[in-house]
Amino acid sequence: APDDAFFFRWIDHIRKTHAEENNTLKLAMGGALVAMGKRNATLNAAALEVAQEMGPVPVESGVSDCEPFDMVKHLTSDYLKEKFGT
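Residues numbered from 1 in each chain as written. Predicted model: local features only at pLDDT ≥ 70, side-chain atom pairs only at ≥ 80, totals over all residues. Heavy atoms only, no water.

Novice: Kindly report on the nonpolar core, identifying the contributing residues and their values.
Specialist: In terms of nonpolar packing, the biggest core is built from 17 residues, with Ile 11, Ile 14, Leu 33 and Met 54 touching the most fellow members. Every element with two or more residues in this core is listed here: α1 (4-17), α2 (23-37), α3 (41-54) and α4 (71-75). It is α3 that provides the largest number of residues to this core, a total of seven residues. Setting aside its immediate chain neighbours within four residues, Met 54 contacts Ile 14, His 18, Lys 26, Met 29, Leu 33 and Met 71. (Core = buried A, V, L, I, M, F, W, Y, C linked by side-chain atoms within 4.5 Å. Buried < 20%, exposed > 50% of the residue type's maximum accessible area, 1.4 Å probe, protein only. Helix = DSSP H or I, 4+ residues; strand = E, 2+ residues; numbered from the N terminus. Contact = heavy atoms within 4.5 Å.)

Novice: I'd like to hear about α2, residue by residue, with values.
Specialist: Compared with an ideal rise of 1.5 Å per residue, which puts 15 residues at 21 Å, α2 spans 20 Å between its outermost C-alpha atoms and is within 8% of the ideal. Buried residues of α2: Asn 23, Lys 26, Met 29, Gly 30, Leu 33, Val 34, Met 36 and Gly 37, and no others. An end-on view of α2 places all buried positions within 165° of arc, on one side of the element. Next to the buried residues of α2 lie α1, α3, α4 and α5 (78-84). The backbone nitrogen of Thr 24 has a side-chain oxygen 3.0 Å away, supplied by the residue at the start of α2, namely Asn 22. (Expected span 1.5 Å × (residues − 1). Arc of directions from axis to C-beta. Polar contact = N/O pair within 3.5 Å; in protein donor to acceptor, adjacent residues only side chain to side chain.)

Novice: Run through the packing of α1 against α3, naming residues and quoting values.
Specialist: Two packed helices can be described by the angle between their axes and the distance between those axes. Running from N to C, α1 and α3 cross one another at 5°; their axes reach a closest spacing of 10 Å. Classified by the interaxial angle, the pair formed by α1 and α3 is roughly parallel. Across from Asp 4, Phe 7, Phe 8, Ile 11, Ile 14 and Arg 15 in α1, the residues of α3 making contact are Thr 42, Leu 43, Ala 46, Ala 47, Glu 49, Val 50, Glu 53 and Met 54. Taken together, the residues that form the contact of α1 with α3 break down as nine nonpolar, one polar and four charged. (Axes fitted to C-alpha atoms, helices over the stretch in contact; angles between N-to-C directions. Parallel < 35°, antiparallel > 145°, perpendicular 65-115°, else oblique. Nonpolar A, V, L, I, M, F, W, Y, C, P; charged D, E, K, R; others polar.)

Novice: Run through the pattern of salt bridges, naming residues and quoting values.
Specialist: Evaluation of the coordinates by the stated rule reveals three salt bridges. When the shortest N-O distance is used, the salt bridge between Asp 12 and Arg 15 registers 3.7 Å. Of this pair, Asp 12 and Arg 15 both sit in helix α1, separated by three residues, roughly a single helical turn. Two residues, Arg 15 and Glu 49, come together in a salt bridge whose shortest N-O distance is 2.9 Å. Of the two residues, Arg 15 sits in helix α1 while Glu 49 sits in helix α3, which places them 34 residues apart along the sequence. On the basis of relative accessible area, Glu 49 is assigned to the partly exposed category, the value being 46%. (Salt bridge = Lys/Arg side-chain N within 4 Å of Asp/Glu carboxyl O.)

In structure tokens:
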């Protein structure tokens, strides 16, 4: 499996580029942040910082009225708090 440095590079890439992307790509970036942030407490803290900067991302499927994707909610869940002992 890749080490933390691999994931930190992607978290940093998302931090630097998310503002210029459309919401579809922001949703993908958000999904990646959540997945990386579930690996360990260190990656969680880094992913959470970027997720807070991004804020909830609107879901524009055109099919239904979905709530915006809130990465912060997922990265601060009770499950992860228990998993990381925070």
